[in-house]
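Okay, here's what each chain looks like letter by letter:
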Amino acid sequence: MNWLLSVLFRLMLAGVLTFITLPLAVVIAASFSPTSAVTFRPWEWTARGYGDLVSERWLLPFLLSVKIAVIVSIVSGIIGVMAAYAVVYEKIRGSEAAMSVLLLPLSVPQIVKGVAIVLFLSLVGLQSFLGTPALIAAHIVLALPFVVRMVATSIANFDRNLDRAGQILGANKRQRVQHILLPAIRPGVLSGMTFAFIISFNNIPLSVFLVRPGDTTLPITVINYLEYSLDPVMAAVNVASMIFILAVIFLFEKIGGFSVKLHGGSK
């Protein structure tokens, strides 16, 4: 019976993995296609679509998306750590209400947030902030709950005996936070920053209301391009973006050690 359950589990796992990866395989094949139609004849494939990625049409939006995502991940990480520290570690008065407010953006659809931000900037006469400044601020609001939640979980799992040991050995509060707490919660901080980077880099519903001509992110450029054509260049952009995101995840994993947080043990 156990053998049968093991076989069924492996078959279900293989089916799920196939269901997830098959569309990606189609996109990859389309990126090498010599025409707008997807062909599965490898001897006809070409990499011309990838050559167009270095043009200003795609390179400038990509660099802007990376710049915004880096700023969002760093700022969200700093604010998220401070907020989670105050709410979970220090347990300030009204900590439960504060956590609810910090997680509140998760309950509001991104399209609604985009419209609300545009209306707010118009009402206060700050239309000039539309573009990169508004995108950064909006993406921070969008990504911050994920960072706070992950850092708060890491702090909640932190062994307070380590802090007491540092206190007994004469370390002050700043030293205990810097040398004991922060290294212990680093996987949670880095995982939250990774989520913030990915959310910002791939965002469409919120960004579509805040970009302006000449200040467009890569996902919005992709959407605009799809209105007029569908060709191998479009597929190549998506494949390159996927590879870039995987590289970012791998980098943050090497720095933060997410596997330690998820599976335990030491690196």
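Everything here concerns the structure above.
Each value, and the rule that gives it
Residues numbered from 1 in each chain as written. Predicted model: local features only at pLDDT ≥ 70, side-chain atom pairs only at ≥ 80, totals over all residues. Heavy atoms only, no water. Salt bridge = Lys/Arg side-chain N within 4 Å of Asp/Glu carboxyl O. Axes fitted to C-alpha atoms, helices over the stretch in contact; angles between N-to-C directions. Helix = DSSP H or I, 4+ residues; strand = E, 2+ residues; numbered from the N terminus. Contact = heavy atoms within 4.5 Å. Nonpolar A, V, L, I, M, F, W, Y, C, P; charged D, E, K, R; others polar. Core = buried A, V, L, I, M, F, W, Y, C linked by side-chain atoms within 4.5 Å. Buried < 20%, exposed > 50% of the residue type's maximum accessible area, 1.4 Å probe, protein only. Patch = residues over 30% accessible without salt bridge, like charges linked within 9 Å, V, L, I, M, F, W, Y side chains within 5 Å. Areas by Shrake-Rupley, 256 points an atom, 1.4 Å probe, with all protein chains shown as cover. 1 Å grid on protein atoms, 1.4 Å probe; cavity = no way out; pocket = protein on both sides within 12 Å on 5 of 7 lines; lining within 4 Å. Points joined across faces, edges and corners; volume = space filled by probe spheres on them. Parallel < 35°, antiparallel > 145°, perpendicular 65-115°, else oblique. Left-handed = near helix turned anticlockwise from the far one by under 90°. Arc of directions from axis to C-beta.

Chemist: I'd like a description of the pattern of salt bridges, backed by residues and values.
Modeler: For the coordinates displayed, the defined rule picks out 1 salt bridge. The shortest N-O distance in the salt bridge between Arg212 and Asp215 comes to 3.7 Å.

Chemist: Lay out the packing of helix 3 (residues 56-89) against helix 9 (residues 218-226) with the relevant residues and their values.
Modeler: Axes are the key here: two packed helices are described by the angle between their axes and the distance separating the axes. Across the interface, helix 3 lies against helix 9 with an axial gap of 8 Å and an inter-helix angle of 145°. For the pair formed by helix 3 and helix 9, the contact residues are Arg57, Trp58, Pro61, Phe62 and Ser65 on the first element and Leu218, Pro219, Thr221, Val222 and Tyr225 on the second. Of the residues that constitute the contact of helix 3 with helix 9, the class distribution is 7 nonpolar, 2 polar and 1 charged.

Chemist: Hey, could you go over the nonpolar core for me, with residue numbers and the actual values?
Modeler: One finds Trp58, Met99, Val151, Ile155, Phe201 and Val237 to be the most contacted residues of the largest nonpolar core, which totals 52 residues. Only helix 3, helix 4 (95-103), helix 6 (132-156), helix 8 (173-202), helix 9 and helix 10 (232-256) provide two or more residues apiece to this core. When residues no more than four places from it in sequence are discounted, the contact partners of Phe201 are Phe62, Ser65, Val66, Ala69, Leu218, Pro219, Ser241, Phe244 and Ile245.

Chemist: I'd like a description of the side chain of Arg176, backed by residues and values.
Modeler: Secondary-structure assignment places Arg176 in helix 8. Using a relative accessible area of 11% as the deciding quantity, one classes Arg176 as buried. Excluding residues that lie within four positions of it along the chain, Arg176 makes contacts with Asp163, Gly166, Gln167, Ala171 and Leu181.

Chemist: Please give an account of a nonpolar patch on the surface that cites residues and values.
Modeler: A grouping of Ile111, Val115, Leu119, Ile204, Val208, Phe209, Ile223, Leu226 and Leu230 is seen on the molecular surface, where their side chains present a nonpolar patch of about 740 Å² in accessible area. Among the secondary structure elements, those contributing two or more residues to the nonpolar patch are helix 5 (110-123) and helix 9. It is helix 5 that contributes the most residues to the nonpolar patch, 3 residues altogether. Assignment of secondary structure puts Phe209 in the loop between helix 8 and helix 9. The exposure class assigned to Phe209 is partly exposed, which follows from its relative accessible area of 32%.

Chemist: Pulling in residues and values, what's your account of the layout of surface pockets?
Modeler: Taken as a whole, the largest pocket spans an internal volume of roughly 260 Å³. Phe201, Asn202, Ile204, Leu218, Pro219, Val222, Val237, Asn238, Ser241, Met242 and Ile245 together form the lining of the largest pocket. Those elements giving two or more residues to the lining of the largest pocket turn out to be helix 8, helix 9 and helix 10. Ranked by residues supplied to the lining of the largest pocket, first place goes to helix 10 with 5 residues.

Chemist: Outline the packing of helix 3 against helix 4, supporting the account with residue identities and numerical values.
Modeler: At a minimum axis separation of 9 Å, helix 3 and helix 4 run at an interaxial angle of 150°. Of the possible angle classes, the one that applies to helix 3 and helix 4 is roughly antiparallel. Judged by the twist between their axes, the crossing of helix 3 over helix 4 is left-handed. Residue-level inspection shows Ala83, Val87 and Val88 of helix 3 in contact with helix 4, the latter providing Ser95, Ala98, Met99 and Leu102. The class makeup of the residues in the contact of helix 3 with helix 4 is 6 nonpolar, 1 polar and no charged.

Chemist: Provide a residue-level description of helix 4, including the pertinent values.
Modeler: For helix 4, the set of buried residues is Ser95, Met99 and Leu103. The buried residues of helix 4 occupy an angular sector of 70° when projected down its axis, which confines them to one face. Buried residues along helix 4 sit in contact with helix 3 and helix 6.

Chemist: Lay out the environment of Val75 with the relevant residues and their values.
Modeler: In this structure, Val75 sits in helix 3. Val75 gets classed as partly exposed once you look at its relative accessible area, which sits at 27%. Sequence separation between Val75 and Ile199 is 124 residues; the distance between their C-alpha atoms is 14 Å.

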